[in-house]
Amino acid sequence: MTSEANVLPRFLQLQKAVMSSLRLKDVLDASVNSFTEMAAGAKVALFLCDHDSMSFRLMAAKGYNDASLDQLRVVPFAAESLLKHVLQKRTAISAADAASAPDLSAAIMKREVSKGQIALPLTAANALVGAVLLEVNNAQVLSFVDFLREVADLVALSVSNAIVFGRAEYERERLSTLHKATCALNGSALEINQVLQVGADTALVLANTPCCAIVLHDADNDVFQLAAFKGLDGGSLTEFDMKPATSIAGAVMRSTKTEQFGDGGKKPYGMPRGNGGLPFASVVAVPLVHGDRAIGALEVFSTESRAFRREQIDLLEALAQQLSASLHIGLSHESSISQSVVDAHTGLTNRWQFDTALDKEVERSQRKNHQMSVLLIDIDHLAQINEHLGEERGDETIKHVAATIKKTVRDIDVPCRYGGEEFAVILPETSHSDALEVADRLRQQVRNTPASGIGLVTVSVGVATYPDNAADSKTLMHDLEEALNVAKFEGRDRVKAALTGKLAGHGQIAWTDLANQARMAVISDRQSRLNSRLTTTPEYATWLEKPSSLVGKKKSN
């Protein structure tokens, strides 16, 4: 513990450290280090209050082992801990041993072999901003609670100022983004592709989320088209409800009012999943309406509950108003109507149009007694590119592969963006053997064309043929997905044909067994990525892990 002789210099040093920056991360890091020094090497956890979720959220920590950090990431207000006392009384409290501590505090103290625990309120302008938890190594520190409360008051003021500054910067940045988007939409109203891309990209920034979708209403068929999307798991797009009568998009289009789900009231339904298979816990759907014309809906998603705040929704509604006007102009323009079937990010045919084209091509092949084939292509290890190089590089990878596919296939072929990192190509009047040649040529072309700023990119390809594998489009796609799973299961960067229908019996082991093994491997891989993301440090607290010089963690034994 800091001695009485140097307490004033230390306190002044603390004041300088925590008030030298308005960046919240800097303030939190300085505060954690200062508490550790002032409390004789105590372990420190600093929380902010999240009144929407009724919990304390861990923002920075030092000294705790991994198990304790996991337990402290989100502490409900109602949890039996010293933090509950801080919430209710707004006063500091300490426990000398685990026997005298509430349940959660006792568990942490036992795991950390603590000589005592102190909980301090962070209050500013009579409001509870957060709390600090200390695990002390020296029982004498418990007698300095009043002094540590003074330190906490200084930290609370600095944290509060940083939050106010951060919100002001956030609003300024979002308003600037909205203004730029408005200018871009006004300048490209006749180019549906560009309008959709600007709308989707801007929605991500305004909502502070990596996942969104724009769906357009096809009045002739009374169904929604997935016109643009970001951050959605390709394999889950079939779960995305596109029926106006039963979907969230249909509900908001009819009511012409924004709907929020996962805010403690209504739960999301009829939704796809995020990249890695994470289910969405929060959804905001904003209607796209121009005058009396119902155009569709703009939807943003988050895997966190209560993810979207009122100010974000207001900005999304302003964007939707401008987006609706631009879409109305573009869709009304005769030369632009055909663009609504194109994926905004890659320039390829979108999923809805692919499904329609596949049904028509199968029907035509039946009528003319022709063969036709389909390729299903998956970018290998895109999740690692997103994780290590950033999602912007991941988007560039998707566009790079899309451009390569477009240059490689024939003019009569129909390439499309099938899902997040998946593409499909319809090959009219193409035999099974010819389709395998096309697939391997495409695979090699992708491999031999490095992506700028990314390097080597590879793909796995599944191949299925009508009528050799199946006599209808639904079964054909099922066989095709099995073939792709097997290609990934056997090591990726390869082509695999479906051994079903007339082609069954040509493998070394039964195709059904191999397909099931591949399917389970894909599910296991997805679950591993899901678990990895669930246990990764939250985005708002990345400094919990790095740099270690600022926020150290003792490794669990």
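These lines cover the structure that appears in this document, whether it is placed above or below. (Residues numbered from 1 in each chain as written. Predicted model: local features only at pLDDT ≥ 70, side-chain atom pairs only at ≥ 80, totals over all residues. Heavy atoms only, no water.)

On to unusual backbone geometry, then. Between Tyr-466 and the following residue, Pro-467, the backbone shows a cis peptide bond with an omega angle of 0°. Here Pro-467 is to be found in the loop between strand S15 (459–466) and helix H14 (473–489). Not every positive phi belongs to a glycine, and Arg-306 is a case in point at roughly 55°. Position of Arg-306 among the secondary structure elements: in the loop between strand S11 (293–302) and helix H9 (310–332). Here Arg-306 falls in the partly exposed class, since its relative accessible area comes to 35%. (Helix = DSSP H or I, 4+ residues; strand = E, 2+ residues; numbered from the N terminus. Buried < 20%, exposed > 50% of the residue type's maximum accessible area, 1.4 Å probe, protein only.)

Below, the discussion takes up the pattern of salt bridges. Under the counting rule described, the total for this entry stands at 23 salt bridges. Here Lys-243 and Asp-241 are joined by a salt bridge, their closest N and O atoms 3.5 Å apart. For Lys-243, a relative accessible area of 49% translates into the label partly exposed. The shortest N-O distance in the salt bridge between Glu-429 and Arg-364 comes to 3.4 Å. Of this pair, Glu-429 sits in the loop between strand S14 (422–427) and helix H13 (432–447) while Arg-364 sits in helix H10 (residues 351–368), and the two are 65 residues apart along the sequence. Within this structure, Asp-440, Arg-443, Arg-447 and Asp-493 form a network of salt bridges that share partners. (Salt bridge = Lys/Arg side-chain N within 4 Å of Asp/Glu carboxyl O.)

Pairing is antiparallel across the open sheet formed by five strands, whose spatial order is S8-S7-S11-S10-S9. At either end of the open sheet lies a strand with only one pairing partner, and these are strand S8 (223–230) and strand S9 (259–261). Strand after strand, the sheet turns through a mean of 20° between neighbouring axes, direction not considered. Where S9 meets strand S10 (residues 282–290), three bridges bridge the pair, whose relative direction is antiparallel. From the neighbouring strand, Glu-259 faces S10, where its bridge partner is Ala-285. (Pairing = 2+ DSSP bridges. Axes fitted to C-alpha atoms, helices over the stretch in contact; angles between N-to-C directions.)

Right, let's talk about the sheet that holds strand S4 (residues 93–95) for a bit. Sheet architecture is open: six strands sit in the order S3-S2-S1-S6-S5-S4, paired in antiparallel fashion. Strands at the two margins of the open sheet, each flanked by one partner only, are strand S3 (74–76) and S4. Direction aside, the axes of adjacent strands within the sheet are offset by 25° on average. As paired strands, strand S1 (residues 43–50) and strand S6 (residues 127–135) are joined by six bridges and run antiparallel to one another. Note that in S6 the partner of Lys-43 across the bridge is Glu-135.

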